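Here is how the chains run, residue by residue.
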Amino acid sequence: MQYIDPDYAGGEYDEYFGDNAEGSLDCHSPDSNWKLIGVYRQEFYQYIEQISKHLWAIDEYEYVVALAGLDYMSDDECRGIGYDEQGNQLYADVQPTAGGQFQMSLYSDAQCLTLNTQTSYTYDDFAEKGDMDLGSKDEGGNDDDRNQAYQYWQDTQEATLTNLNTVYNDFRYCTSCVDYPTYQESPRLYCFIYAYVMFE
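We now turn to the structure provided with this report. The structure displayed is predicted, hence computed values, not measured ones. (Residues numbered from 1 in each chain as written. Predicted model: local features only at pLDDT ≥ 70, side-chain atom pairs only at ≥ 80, totals over all residues. Heavy atoms only, no water.)

When its secondary structure is counted, the protein shows 5 helices and 7 strands. Listing each helix as α and each strand as β along the protein from the N terminus yields β-α-β-α-α-β-β-β-α-α-β-β. Here the protein holds 200 residues, and the buried ones make up 38% of them. Of the contacts made within the protein by residues no fewer than 6 positions apart, 60% connect residues no fewer than 24 positions apart. By element, 43% of the accessible surface of the protein is carried by carbon and sulfur atoms, the whole surface being about 11,900 Å². (Helix = DSSP H or I, 4+ residues; strand = E, 2+ residues; numbered from the N terminus. Buried < 20%, exposed > 50% of the residue type's maximum accessible area, 1.4 Å probe, protein only. Contact = heavy atoms within 4.5 Å. Areas by Shrake-Rupley, 256 points an atom, 1.4 Å probe, with all protein chains shown as cover.)

Dropping the structure here:
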């Protein structure tokens, strides 16, 4: 996701990274003034899946939520999912929103570029909740643990993906969009990304 800082004061690199930096890279914060101006399209499912594999153990709440969310969003990009009230095809895909959040939404086109704001349907009207599948160890543990995990699974599978968003909150931050910084490009443009640290 790409953001712009409307409060940028012209301090270039030093405004955010200097010894007395007054700017703040907080585009992911709910209280941020930064404005979402664009989204880099990517295979979102694989991105989230790869992060989840390195963060949590198979029996942890966060891991159950991550797998449940991935199952619900599906690894099919921009797929036809149903029809609106007039019989027009609806497509479904992840919708990035401000603050690095995301949810499942319905689109009018096969590239999922135009949100369908005319229909009263939501993704939940078409998507099915999947059976819990935590991999080879999902049969382990006692019945209480399995029942609790199943509840986490069911609660996560809804269009706003609230639980899935929440478990990634600690891994959101802003960084410069310039991969090879020359500082000739606008220092006001910053990207939100997920980050995680592997400890030895």
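According to the stated counting rule, one finds 1 disulfide in the structure shown. Residue Cys78 pairs covalently with Cys112 via a disulfide, S to S 2.1 Å. Its S-S torsion of approximately 95 degrees makes the covalent link between Cys78 and Cys112 right-handed. One end of the pair, Cys78, is in the loop between α3 (61–73) and β3 (79–83); the other, Cys112, is in the loop between β5 (101–107) and α4 (143–156), with 34 residues separating them in the sequence. Cys112 carries the same exposure label as Cys78, and that label is buried. (Disulfide = S-S within 2.5 Å.)

What follows is about the sheet that holds β5. The strands making up a sheet are joined through hydrogen bonds of the backbone, oriented either antiparallel or parallel. With respect to topology, 3 strands assemble into an open sheet ordered β3-β4-β5, the strand pairing being antiparallel. A strand with exactly one partner marks an edge of an open sheet, and here the two such strands are β3 and β5. Between one strand and the next, the sheet's axes are offset by a mean angle of 40 degrees, whatever the strand orientation. Pairing analysis gives 7 bridges linking strand β4 (residues 89–97) to β5, with the strands arranged antiparallel. When the bridges of β5 are listed, Asp93 appears paired with Ser105. (Pairing = 2+ DSSP bridges. Axes fitted to C-alpha atoms, helices over the stretch in contact; angles between N-to-C directions.)

Don't take any of this as a statement about function, it's just geometry.
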